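# Coordinates in review
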Amino acid sequence: MTLIDKTKEILRELIGFPTVSADSNLSLIRYVAGYLNELGADVFLDYDDTGKKANLFATLGPKIDGGIVLSGHTDVVPVEGQQWHSDPFTMYEKDGYLYGRGSCDMKGFIAACLAVAPLYAKRELNRPVHFSFSYDEEVGCLGAAKLAEELKRRNIRPAVAIVGEPTNMRVMEGHKGCVDYTVEFTGLDGHSSNPDAGVNAVEYAVRYISRLLELGEALKNRAPQNSRFQPPWSTLQVGRIQGGQAHNIIAGHCTVDWEMRPVQAADVDYVQGHIDAYCEQELLPAMRVVSEQAAIQTLVTAEVIGLEPVDESEARQIVYELTGADQCGVVAFGTEAGLFQKMGMSAVICGPGSIEQAHKPDEYVSLEQLQCCLDMLEKLADKLLA
């Protein structure tokens, strides 16, 4: 059986597991664990708090530092409300394309990794290769964040991460981060005939938003020199404000949902530091003049750490050698690559398929793209011997 046929066979199995983020991924994880165990890999599972989801981390080769991670997420987005021409969870092949939910985002890459894994298992590798397959990437990289802590606890220290998100096999070395916040304002409700006797949570939320918008403007002056992102600076966006009951009732509660998409980690600290100081020094003292129970509570609901381009990158150089590329770019979407970079690894994004097909009905990956990915991973087997 050729590698492309083996990849198709595995991808058919992977698509058949409906691993929507809201549901368990354990059936798929156990399938992959069994497959890699048979090859002699050192495999461990890292479960979430419910025990219904797990990350998988497996190693072939020597138990030393400096390994190369092949990273993919196992969860997919929902299909409800989309018009598919075939069962989303049954792989369908037509005219050189493989259709199914997750085919390009990103079970195609996982299938290619598993198809090539026997080549790694047969060789005396001088450098370990790790397989990192996570849960809940689509809802905030939750699984990978937990796995990072587990790798630290186990003292596993790879040097390079190749994240196989769909880039049409182009090398990508950066993406913005994304942090989602929900801020709850607790005031004191009352009759609108005497506004000073209450604490209007909506009004304080508006003042908070106004300060956020000022910080958003200030971020434009903090854009890194020669930034390749569009726009080149970190951005803020208020997505929802919800509070109050009626025009004649002082609003006792209000919630604000907002996000930040940083191009550099320092901007997160900049914004959080300024907005926290504004709450502590101005908003809360004013609110508590009327009600000691007044409060502002901030919850980080999701966080995708950005991948910052760097001058020297082992990951970039390795993938250049494997693919023949000599230039790279940045992407608009978030990935788990920033987490690996934060752990001290050199990380890039390079995988089969196009992000244009991801999350859509009739999602597909082409056989041509999968073959390009297989070529890269086969050459990596030689690279690991060096």
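Residues numbered from 1 in each chain as written. Predicted model: local features only at pLDDT ≥ 70, side-chain atom pairs only at ≥ 80, totals over all residues. Heavy atoms only, no water.

If you trace the three strands from one edge of the open sheet to the other, you get S4-S5-S17, paired in antiparallel fashion. A strand with exactly one partner marks an edge of an open sheet, and here the two such strands are strand S4 (92–94) and strand S17 (364–366). Within this sheet the neighbouring strands show an average axis-to-axis angle of 25 degrees, counted without direction. Bridge count between strand S5 (residues 97–99) and S17: three bridges; the pairing is antiparallel. Directly across from Tyr99, in S17, lies its bridge partner Tyr364. Packing against the sheet, helix H3 (residues 103–121) makes contact with S5 and S17, and its axis sits at approximately 50 degrees to S17. (Pairing = 2+ DSSP bridges. Helix = DSSP H or I, 4+ residues; strand = E, 2+ residues; numbered from the N terminus. Axes fitted to C-alpha atoms, helices over the stretch in contact; angles between N-to-C directions. Contact = heavy atoms within 4.5 Å.)

Our next topic: the sheet that holds strand S14 (residues 295–304). With respect to topology, four strands assemble into an open sheet ordered S11-S13-S9-S14, the strand pairing being antiparallel. Every interior strand has two partners, whereas the edge strands, strand S11 (235–243) and S14, have only one. Strand after strand, the sheet turns through a mean of 15 degrees between neighbouring axes, direction not considered. Two elements, S11 and strand S13 (residues 253–261), share eight bridges in a ladder whose sense is antiparallel. Opposite Leu236, over in S13, you have Met260 as the bridge partner. Contacts between helix H5 (residues 201–219) and the sheet are confined to strand S9 (178–186), S11 and S13, with S11 contributing the most and set at about 170 degrees to the helix.

Here we come to the nonpolar core. Grouped together as the largest cluster of nonpolar side chains are 60 residues, with contacts concentrated most on Leu36, Leu70, Tyr120, Phe131, Met376, Leu377 and Leu380. Ranked by the residues each element gives to this core, the list is headed by H3, at twelve residues. When sequence neighbours within four positions are dropped, the list of residues in contact with Met376 reads Phe109, Ile162, Met169, Val319, Leu322, Thr323 and Cys350. Of all hydrophobic cores here, the second largest spans 27 residues; its members include Ala205, Cys254, Met260 and Leu284. (Core = buried A, V, L, I, M, F, W, Y, C linked by side-chain atoms within 4.5 Å. Buried < 20%, exposed > 50% of the residue type's maximum accessible area, 1.4 Å probe, protein only.)

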